[in-house]
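# Fold and contact review
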Amino acid sequence: MLRAAGWAARRFSTAVIRYQNKLNIAIIGQSLFGQEVYTNLRKQGHKVVGVFTVPDREGKADPIAVAAEKDGTPVFKFPRWRLKGKAIGDVVEAYKSVGAELNVLPFCSQFIPMEVINHPKHGSIVYHPSLLPRHRGAAAINWTLIHGDKIGGFSIFWADDGLDTGPILLQRQCDIDPNDTVDSLYNRFLYPEGITAMVEAVQLIADGKAPRETQTEEGATYEPIQKKENAKISWDQPAEAIHNWIRGHDKVPGAWTLIDGQAVTFYGSSMHKGATPSGQPLEIDSASKPALVTNSGLVLFGNDGNMLVVRNLQFEDGKMIPASKYFSADDSVAVELTEEEKKVAEDIRAIWKSILTNVAAIEDATDFFKSGAASMDVVRLIEEIKQKCNGLQLENENVYMATTFNDFIQMVVRKLRGEDQEEELQVDYVTMEVNNMTVKMPHQCFIDGRFTNSEDGKTYKTINPTDSSVICDVSYASVADVDRAVAAAKDAFENGEWGKMNARDRGKLLYQLADLMEKHQEELATIEAIDSGAVYTLALTTHIGMSIQTFRYFAGWCDKIQGSTIPINHARPNHNLTFTKKEPLGVCAIIIPWNYPLMMLAWKSAACLAAGNTLVLKPAQVTPLTALKFAELTAQAGIPRGVINILPGSGGLVGQRLSEHPDIRKLGFTGSTPIGKEIMKTCAVSNLKKVSLELGGKSPLIIFNDCDLDKAVRMGMGAVYFNKGENCIAAGRLFVEESVHDEFVRKVVEEIKKMKIGDPLNRSTDHGPQNHKAHLEKLLEYCEIGVKEGATLVYGGKSILPPGFFMEPTVFTDVEDDMYIAKEESFGPVMVISKFKDGDIDGVLQRANNTEFGLASGVFTKDIGKAMYVSDGLDAGTVFINTYNKTDVAAPFGGFKQSGFGKDLGEEALHEYLRTKALTVEY
C-alpha cells in the first residue's frame, strides 16, 4: 500500500486530554507528520507499542524514529516489508511481536502486506491528503492543484487490499487559494488539521464510535506519481492551466521547459492581473509568445492572452536564481574574503557540520540538501547564522538558492557587506531654493519602490497658491499605472517580505519612517506651504507634526493587535475552544483630500500599514508633492518595495479605477459626500470591498451666555478660520445665545482685523491663501448667495492680494435655517452665525441637529450639566466642550449620517484595516 512521503512543516501539538478508553497502537510511517501523530497519541494516553519506519538516510534517522527512541518506544527500521510481492516472514513476525490493537499509518511510503494490515483487532487506518475517492494515489496534493480544484482536504480511511479504496472514517475539507502550492496547502491545513484528525480518529475507534462509510466510485480518480520527465510544461493552454501545472509540481518534481536548449524549472507561480508589465523578452521553446523578465519575476502568457508570473528559476546544474535576475545571473564574481570574513566562514562551516552529522567534512562543494538536510534544518541554520553573525536575518529562499557551502558563504558575505541590498533609489528631483533651504521634491509616480513616469508619459502642473506660479510638472497617472501599482502591492502582500514580517519588525520600520519624517520636517512643512498654502508654522506643528505622531502611535500598535477567546457550549463528550484572530485585509486603496495633504495620508496609511496591509494611495490632484516626498522617505526607511505606492492624478481616472479594482479589499476615502456616495456604489458593484468614508460636514457650535466669552471668541475663530477654514471639522454654523450675540460678533470682527494675511512662509502670517483657484471662486460664489438670500455680511466676503488665491476672513449674521449658507459647507474662512433665544436649549439643539451631516460639534458653557445634556443630544461623531479642534492621534475620529462612517486614529482605526477570523477547535 503506497503512501506519499511527508513534506516540511511547522510544529503542531494538540491539547492534552485524558480519555477512558485506550489502545495499544503500532505506528507505521515517517516524517514530521508521523512524529507529531506519535507524540500526540501518547499525550492522549494511548500506548504506542512499536514504531515502524524507514532506515536512516545518509546517517540521519527519520524524525519519528528520533522521538520514539528518546521515549524508549521500540523502533523498527525495515527497508522493505515484501519481496517479490510476498510478505517477508521475519519482518511480519517482528511486527506481530508488539501486540498492536490498531495500526496507524501517517504518510507511510512503503508497501505494507495485508498480513500486517489485517492483523490487529481493529485493523489499520490511513491518512490520505485528498477527499477520497478523488485523487487516489501517492501524488494526491499535486493533482489537487494541477486540476485546479477549488476544494481540497484529507481523508482518514480503513485500509483494505485496494489502493486508497477502503471505507472512510472521517474527512475534513478546506478552500484552496488560487496561489496555493503543495507546501502552503500542506502547512496551512493538511498538516495541522490532519494531526488533530488522526488523534480524533483513534479515539473514535477506542470508544467504538468510528464509522465505516463505503467509498463510492462516482467521481473516483487515480493519478500516478509525477516524475520529472512528465513535468514539462505545455504552452498551448490557458494561463490558469499553466499556473496550476507549475504550482502542482512545486517543489517536487518541478515543472520545467526548455530555454536556450537547457531545461529550466519554474517555482513560485501566481496569476498576474492588470496591464502587461515592462520587461526584457525571453524566448521559450514551443511558447507562442516570448516571456518577459520583469522586476517582479518572469511573466508568462497562456493561449488565452492572460498572464502568470514565476518568482524563481532553477537550472540543470541545480543553481536557483530569482527570475527577475535571469539576464544578470552570470554577472556575479566571487568575492575575495577578508581575514575577518574567513573567520565567519569557518564559524558557518562548523554550523553546517553540526547539522550534517553524516558528512565527514564540509567542503566548498558540499550541498546542504544533497547531504540530507531537511526543511527543519533550514530553520536551524537560519537561526544559528543569526546568532553568530550579529543578527543577520536570512530567508528560507536564501538557503534554497545557495545550496553549496561556497555559494552559501558568498551569499552571506555579500549580505554582511550590504552588497545585495536593493538598488539605490533613483529620484528625478525638482529642486527649489525657498524658505532659506534647498527643497528637493520628487514629481513622478511611485510604483513598486521606484519613481517612474506615468505609462503614457502625461503630466500636469501643480500651482503655488501664494502667487499662482507653477511649482513643477507632476506625472499624471493612468489606469495602467493603477493596475501596475495594485499588482505590486498584491505581490508585496502575498509573496514579499512585508506579508511574512514579524509584527514587531513592522513596527520598527514605521518608527524609522517617523524618525525620517521628523528629520525632514522643515522640508516637508515647506513643501506643504508652497503646494497647499498652509501657513508654515501651522504646517510644521500640525500638518507635519501630527503626521509624525500618528506614525509613532500606530508603530506601537503593530505587535499589540490581538484576538480573543470566547466561551461556547461544549459538544459532549468533547470540548470546544473558540478564539478569534485579527488579520490584514490585503491591498488597500486610500484617497485623500487637499486640505491636509500629509496629515490625511498619515491618518489613514499608518493604521493601514500597522495592520499589515499594503496600499495604493492617491493624493489630491492639486497637492501631490508631500505625498511623493513621503514615498521617498519610505524607501529610505526600508519599507519593502511594493508596500506603498503613490499615484498623483485625477480622481475621476485614478480614483475610479481604485474603486472598481477587483484586487483591492478596502478603500478609505476623505472628501465630499457626493463623491463618497459614488465610491461606495462602485466598491459594492466591483467586489464588495470594505469602505470607510470621512465626508462633508456642517458642524454646529453652540455658544451659551454663561460661557467664558473671550475664550469662546478665541476658540470660535479657531473653529472657523483654522487652516484658512479648509478644515473638515470646521464650525460650519455658530449658534450664539441672543443676550451675548452682538458682543460676540463685535469681538470676532475686532480679532479678524488683527489677523495678518499673506505669504504662508512668513513666520508672522496668520492666514494663508486658499488651496487653489477653483476653490476660491467657489467661496466667492458662496458669499454672493448668502448676501442674495438676506444674510448680513458683517465682514469680508471678497478676494484680496492677487495673483494669489487669498480671501478675507468672512462673517455672516442673521442667518436663517432655510438659507443655503446655513445648510451647505463652505470649506473656507466663512463664519455663519445664527442667534437663538435665551434659555432655549432644546430648540437650539434641534436646530443644530437639523442637518444631514454629523462630523463634529461644539458647546461653550460653564454649566457642566448643560454641557453634558447638550453633548448627549448632539448627533455628531465628535463633540468639543469649551474647546475646539482638539484632535489627538489616540482619539477616534469620524462622523455620523452623511458625514460618513468608519474611524481614523485611535485603536478603532486599526479595525478598519483588519478582518476577524473565528476558529473553533474540538478536543
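What you see is a predicted model, and the numbers here were worked out from it, not measured in a lab.

Let's shift gears to the side chain of Asn723. In this fold, Asn723 is placed in the loop between α21 (709–721) and β31 (731–737). The exposure class assigned to Asn723 is buried, which follows from its relative accessible area of 5%. If sequence neighbours within four positions are ignored, Asn723 has contacts with Ala534, Leu538, His543, Asn595 and Tyr596.

Met517, Phe551, Ile703, Leu734, Phe744 and Met831 are the most contacted members of the largest nonpolar core, which totals 103 residues. In terms of residues, this core owes the most to one element, helix α17 (residues 597–610), which gives 11 residues. What Met517 contacts, discounting residues up to four positions off in sequence, is Leu524, Ser547, Ile548, Phe551, Leu598, Phe630 and Leu633. Ranked by size, the runner-up nonpolar core spans 41 residues in total, among them Phe33, Leu102, Tyr186 and Ala197.

For the structure on display, the rule yields 31 aromatic pairs. Relative to Trp81, the ring of Phe78 lies with its centre 5.4 Å away and its plane at 90°, an arrangement referred to as edge-to-face. You can call Trp81 buried: its relative accessible area is 1%. Through a chain of ring-to-ring contacts, the aromatic side chains of Phe33, Phe107, Tyr127, Phe154, Tyr186, Phe189 and Tyr191 assemble into a single cluster. For Arg212, the ring lying beneath its charged end belongs to Trp158, and the centroid distance is 3.7 Å. Positioned over the ring face of Tyr913 is Lys666, at 3.7 Å from the centre of the ring.

What describes two packed helices is the angle between their axes and the distance between those same axes. Two elements in contact, helix α14 (residues 503–519) and helix α16 (residues 536–555), have axes whose closest approach is 8 Å; the angle formed by their N-to-C orientations is 165°. Relative to α16, the element α14 is oriented roughly antiparallel. Taken as a pair, α14 and α16 cross one another with a handedness that is left-handed. Contacts from Gly507, Leu510, Tyr511, Leu513, Ala514, Asp515, Met517 and Glu518 in α14 reach Ser547, Ile548, Phe551, Arg552 and Ala555 in α16. Among the residues forming the contact of α14 with α16, the class breakdown is 8 nonpolar, 2 polar and 3 charged.

Let's shift gears to the packing of helix α1 (residues 31–43) against helix α2 (residues 63–71). Here α1 crosses α2 at 30°, and the two axes come no closer than 7 Å. The pairing of α1 with α2 is recorded here as roughly parallel in orientation. Within the contact between the two elements, α1 uses Ser31, Leu32, Gly34, Gln35, Tyr38 and Arg42 and α2 uses Pro63, Ile64, Ala67, Ala68 and Asp71. Looking at the contact of α1 with α2, its residues break down into 6 nonpolar, 3 polar and 2 charged.

Attention now goes to the pattern of salt bridges. As enumerated under the stated definition, the model contains 39 salt bridges in all. A salt bridge links Lys77 to Glu69, with the nearest nitrogen and oxygen atoms 3.3 Å apart. Residues joined by salt bridges that share partners form a network here, namely Lys581, Glu583, Arg915 and Lys917.

The 7 strands are arranged β3-β2-β1-β6-β7-β8-β9 in an open sheet whose pairing can be described as mixed. With one partner strand each, in any of the chains shown, β3 (75–77) and β9 (168–175) form the two edges of the open sheet. Between one strand and the next, the sheet's axes are offset by a mean angle of 15°, whatever the strand orientation. Pairing geometry for strand β8 (residues 151–158) and β9, over 7 bridges, is antiparallel. Paired with Phe157 across the strands is Ile168, a residue of β9.

For the protein chain, the mean per-residue pLDDT works out to 91, and 96% of the residues sit at or above 70. Contacts for the low-pLDDT stretch residues 1–19, under 50 throughout, to residues beyond four places or in other chains number 81 contacts.

Turning next to the layout of surface pockets. Of the volumes computed, that of the second largest pocket is approximately 960 Å³. Lining the second largest pocket we find 38 residues, and of these Trp594, Phe669, Gly671, Ser672 and Ile675 sit closest to its centre. Elements with a minimum of two residues in the lining of the second largest pocket: α19 (651–660), β28 (664–670), α20 (673–687) and α23 (773–788). It is α20 that contributes the most residues to the lining of the second largest pocket, 6 residues altogether. Each residue belonging to the lining of the second largest pocket can be placed in one class, and the counts come to 17 nonpolar, 15 polar and 6 charged.

Analysis parameters
All chains use their own residue numbering, which begins from 1 and follows the written sequence. It should be noted that, the model being predicted, local features are given only for residues of pLDDT at least 70 and side-chain atom pairs only at 80 or more, the latter also being counted only at that level, while totals for whole chains, interfaces and linings use all residues. Heavy atoms from the whole structure form the basis of all side-chain values; hydrogens and water molecules are not counted. What counts as a helix is a DSSP run of H or I of at least four residues, what counts as a strand is a run of E of at least two, and both are numbered from the N terminus. Working definition: with a 1.4 Å probe on protein chains only, accessible area under 20% of the residue-type maximum means buried, over 50% means exposed, and in between means partly exposed. The contact criterion used throughout is that any non-hydrogen atoms of two residues lie within 4.5 Å. Among buried residues, those of type Ala, Val, Leu, Ile, Met, Phe, Trp, Tyr and Cys that are joined through side-chain atoms within 4.5 Å constitute a nonpolar core. Aromatic contacts are taken between Phe, Tyr and Trp rings whose centres are within 6.5 Å, Trp giving its six-membered ring; a plane angle under 30 degrees counts as stacked, one over 60 as edge-to-face, and the others as tilted. Two thresholds decide whether a charge sits over a ring: the Lys NZ or Arg CZ must be within 6 Å of the ring centre and within 35 degrees of the ring normal. Only the contacting stretch of a helix is used when fitting its axis, a line to C-alpha atoms as for every element, and angles between N-to-C directions run 0 to 180 degrees. Roughly parallel means an angle under 35 degrees; roughly antiparallel means over 145; roughly perpendicular covers 65 to 115; every other angle is labelled oblique. Here a crossing is taken to be left-handed if its near helix is turned anticlockwise relative to the far helix by less than a right angle, and right-handed if that turn runs clockwise. Gly is placed with the polar residues, together with every amino acid not listed as nonpolar (Ala, Val, Leu, Ile, Met, Phe, Trp, Tyr, Cys and Pro) or charged (Asp, Glu, Lys and Arg). Salt bridges are defined by distance alone: a side-chain nitrogen of Lys or Arg within 4 Å of a carboxyl oxygen of Asp or Glu. A pair of strands is considered paired only if DSSP assigns at least 2 bridges between the two. Residue-level confidence of the predictor, termed pLDDT, takes values from 0 up to 100. Here a cavity means grid points, on a 1 Å grid over the protein atoms only, where a 1.4 Å probe fits yet cannot get out; a pocket means an open set of points with protein on both sides within 12 Å along at least five of seven lines; lining residues are those with an atom within 4 Å of a point. Grid points are joined across faces, edges and corners, and a volume is the space filled by probe spheres set on the points.

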